[in-house]
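Chain by chain, the residues:
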Amino acid sequence: MLTTLQTAYSDTRAADLAWALGREPLPALAVLDLRLGDATLQMRLLGASHQVLLEEERGSCSETVACIPGSRTPLPLGVAKRLGDWEYEFAARVETLSEGSFAGRAQELLALVADHPHGLAGTFPGSPHAFTAMLAQRTEGQVRWRTWHAYPQEGQLVVTRTRVGVRMAAPAL
């Protein structure tokens with residue numbers, strides 16, 4: 001699903017993004033509700049930010065990547081945590097691209113996500129290459145999502161990957 005977000009482009013620097021687990025739902029500009037096996041996943045666009053809410057019989061998980069006032073947790077390169085019966089893994093990287101490369105990458109990503117049944121993307125008025133996009137899937141008992149946060153004025157694309165799955169028991173010796 002591709003939508004134009006009806007808001008000013010406010011999260012304007014990749015370096016301002018922060019990461020948080022466990023936050024309450026924040027006001028969203030666009031939402032996509034998905035059923036992935038026995039999991040319910042809600043992808044939420046918060047301007048140039050995202051929030052994912054995962055609910056399953058074993059528990060829930062809330063991931064937020066946004067410009068969070070007062071946050072002391074900058075966007076990490078990687079996180080691995082246990083959340084009850086789940087293992088949570090998060091990774092982020094920043095790609096810096098030339099203007100021409102950025103435009104091509106933006107078009108490629110928006111095309112990938114726009115027609116995907118588990119995809120949500122929002123573009124901002126004023127720049128066709130300012131967007132946030134999300135794509136989710138369930139494979140082998142794990143829920144995974146990827147996100148892209150575009151900052152064309154900096155030539156930067158913030159890419160995240162998340163995996164949430166049941167913690168495996170240690171093998172008996």
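Above: the structure in question.
A. Spatial organisation of the overall build of the chain. When you go through the chain residue by residue, the secondary structure sums to one helix and twelve strands. Seen in sequence order, the chain has helices and strands lined up from the N terminus as β-β-β-β-β-β-β-β-α-β-β-β-β. Relative to the 2.2 N^0.38 estimate, which gives 16 Å for 173 residues, the radius of gyration of the chain is 16 Å and therefore close to what a compact globule would have. Once the C-alpha set of the chain is aligned to its principal axes, its extents read approximately 55 × 35 × 30 Å. Across the chain, contacts joining residues at least 24 apart in sequence account for 58% of those joining residues at least 6 apart. Per element, the accessible surface of the chain, about 8,800 Å² overall, is 51% carbon and sulfur. Computed over 16 positive and 18 negative side-chain charges, the separation of the two mean positions in the chain equals 5 Å.

B. Geometry of the nonpolar core. Formed by 32 residues in total, the largest nonpolar core has its most connected members in L41, M43, L54 and W145. Every residue in contact with L41, bar those within four places of it in the chain, is listed here: L32, D33, L34, L36, V52, L53, L54, A136, V143 and W145. Grouped together as the second largest cluster of nonpolar side chains are 13 residues, L109, V113, F131 and W148 included.

C. Quick look at the layout of surface pockets. Looking at the largest pocket, its volume works out to about 240 Å³. Surrounding the largest pocket, E89, F90, A91, L135, A136, Q137, R144, W145, R146, R161, T162 and R163 form its lining. Those elements that provide at least two residues to the lining of the largest pocket are β8 (86–96), β10 (127–139), β11 (142–151) and β12 (156–166). Considering only residue class, the lining of the largest pocket consists of five nonpolar, two polar and five charged.

D. Structural view of the packing of aromatic side chains. By the definition in use, this model includes two aromatic pairs. With centroids separated by 6.3 Å and ring planes inclined at 35°, the aromatic side chains of W19 and Y88 adopt a geometry described as tilted. Of this pair, W19 sits in strand β2 (residues 18–21) while Y88 sits in strand β8, placing them 69 residues apart in sequence. Both residues of the pair, W19 and Y88, count as buried. The class for W19 is buried, based on a relative accessible area of 8%. Members of the aromatic cluster, connected to one another through ring pairs, are W19, Y88 and F90.

E. Looking closely at the sheet that holds β11. Taken in spatial order, the seven strands line up as β1-β9-β10-β11-β12-β8-β7 in an open sheet, and their pairing is mixed. This sheet does not close on itself; its edge strands, each paired only once, are β1 (2–4) and β7 (78–83). If you compare each strand with its neighbour and ignore which way they point, the axes differ by 15° on average. Across ten bridges, the pairing between β11 and β12 is antiparallel. Opposite Q142, over in β12, you have G165 as the bridge partner. Most of the contacts of helix α1 (residues 99–114) go to β10, to which it runs at about 45°, and overall it touches β1, β8, β9 (119–124), β10, β11 and β12.

Definitions and cut-offs
For every chain, the first residue of the written sequence is number 1, and numbering continues from 1 along that sequence. Note on the predicted model: pLDDT of at least 70 is required for a residue's local features to be given, and 80 or more for side-chain atom pairs to be given and counted; whole-chain, interface and lining totals, by contrast, use all residues. Calculation of side-chain values draws on the structure's entire complement of heavy atoms; hydrogens and water are dropped beforehand. Only DSSP runs of H or I with at least four residues qualify as helices, and only runs of E with at least two residues qualify as strands; both kinds are numbered from the N terminus onward. C-alpha atoms define the radius of gyration, and 2.2 Å times the number of residues to the power 0.38 defines the globule rule. In this description, contact between two residues means that some pair of their heavy atoms is separated by no more than 4.5 Å. Per-residue and other accessible areas were derived by the Shrake-Rupley procedure at a 1.4 Å probe size, with only the shown protein chains allowed to occlude residues. The charge count includes Lys and Arg as positive and Asp and Glu as negative, but it does not include His or the ends of the chains. All charge positions are set by atom: Lys at NZ, Arg at CZ, Asp at CG, Glu at CD. Side-chain atoms within 4.5 Å are what join buried Ala, Val, Leu, Ile, Met, Phe, Trp, Tyr and Cys residues into a set we call a nonpolar core. Type-normalised accessible area, obtained with a 1.4 Å probe on protein chains alone, sets the label of each residue: buried when under 20%, exposed when over 50%, and partly exposed for intermediate values. Both cavities and pockets are sets of points on a 1 Å grid over the protein atoms alone; in a cavity a 1.4 Å probe fits but cannot get out, in a pocket the set is open with protein on both sides within 12 Å along at least five of seven lines, and lining residues sit with an atom within 4 Å of a point. Grid points are joined across faces, edges and corners, and a volume is the space filled by probe spheres set on the points. When residues are sorted by character, Ala, Val, Leu, Ile, Met, Phe, Trp, Tyr, Cys and Pro go into the nonpolar class, Asp, Glu, Lys and Arg into the charged class, and all the rest, Gly among them, into the polar class. The pairing test for Phe, Tyr and Trp rings, Trp by its six-membered ring, is centres within 6.5 Å, and the orientation test on the planes gives stacked under 30 degrees, edge-to-face over 60, and tilted for anything in between. Strands are treated as partners if at least two bridges between them are detected by DSSP. Note on method: axes are straight lines fitted to C-alpha atoms, helices fitted across the in-contact stretch only, with angles between N-to-C directions ranging 0 to 180 degrees.

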